[in-house]
Amino acid sequence: MRKIWLVVVILFSLGMFFSSSLGIKKIKLKLDDEIGIVFINQHMLLVVGEDESTLLVLDKGNIDNLSKFDYRHLNVIMLKPDLIEIEHDKKIILEDDYEIDDVYYRRVDGLIYIGYKGTNMCVYTGGNYNISGCQFVYFYNPKVSNLTVYDYNEVVFYYYKNPLSKKNLEDIYSQSVGAYQISEDELIIVKLGEEDYDIIVINNE
């Protein structure tokens, strides 16, 4: 009798686990003439559009957070070949300018531009740079000398284990520019529209 009872308890527990796992809803961004830029991890940004989405891959990394989002027709843009293996519609090595679903991607000196309707985010990868035309800047490479912050800059992002220098952060705060740390505990989403933006921070459980 005890064995039967134990089997029933185990089967019930497994049923509850699988039903709760299947019941997990994916995050669906509500977009109205906007795109959503999601920090999947410090090496990858998912650009969610209304019809297509693009994963910008800067280097190898864990893609578990990608499965938490609802997106359509995934394209992959990488800085070099074979960084990740994932099912995709189109794969591009970022060497020229590309436009996908009204979002343009451009690499100029040490910056990668992600632009949509006159609003953009830049990813700093190292070397020469000029962030005067970047509303949002992700300092993927935090080794920046003589950082100049401009009136056009709205928010700066950096990975918490690889932060900007204390002096650079002081310069950023003195110009009233916002700063966010990318970490594993949170999912940060930047919604960009024409002359408009919103930043959403979700607890990453």
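Residues numbered from 1 in each chain as written. Predicted model: local features only at pLDDT ≥ 70, side-chain atom pairs only at ≥ 80, totals over all residues. Heavy atoms only, no water.

**A closer look at the pattern of salt bridges**
Line of reasoning, step 1. This model, assessed by the stated rule, comprises six salt bridges.
Line of reasoning, step 2. For the salt bridge of Lys-28 with Asp-70, the shortest nitrogen-to-oxygen distance reads 3.6 Å. Remark: Asp-70 occurs in the loop between strand S3 (53-57) and strand S4 (74-78) and Lys-28 occurs in the loop between helix H1 (2-22) and strand S1 (34-41); sequence separation between them is 42 residues.
Line of reasoning, step 3. With its nearest N and O atoms 3.0 Å apart, the salt bridge here joins Lys-167 to Asp-171. In this pair, Lys-167 and Asp-171 both sit in helix H2 (residues 166-174), four residues apart, roughly one turn of the helix.
Line of reasoning, step 4. Under the relative-accessibility criterion, Asp-171 is labelled partly exposed at 23%. (Salt bridge = Lys/Arg side-chain N within 4 Å of Asp/Glu carboxyl O. Helix = DSSP H or I, 4+ residues; strand = E, 2+ residues; numbered from the N terminus. Buried < 20%, exposed > 50% of the residue type's maximum accessible area, 1.4 Å probe, protein only.)

**A few points about the sheet that holds strand S5 (residues 90-93)**
Line of reasoning, step 1. Spatial ordering of the open sheet is given by S5-S4-S3-S2-S1-S13-S14, a layout of seven strands whose pairing is mixed. Two strands lie at the open edges of the sheet, namely S5 and strand S14 (196-203), each paired on one side alone. Sheet twist, expressed as the mean angle between neighbouring strand axes with direction ignored, is 20°.
Line of reasoning, step 2. Sheet topology places S4 next to S5; four bridges connect them, and they run parallel. Paired with Met-78 across the strands is Ile-93, a residue of S5. (Pairing = 2+ DSSP bridges. Axes fitted to C-alpha atoms, helices over the stretch in contact; angles between N-to-C directions.)

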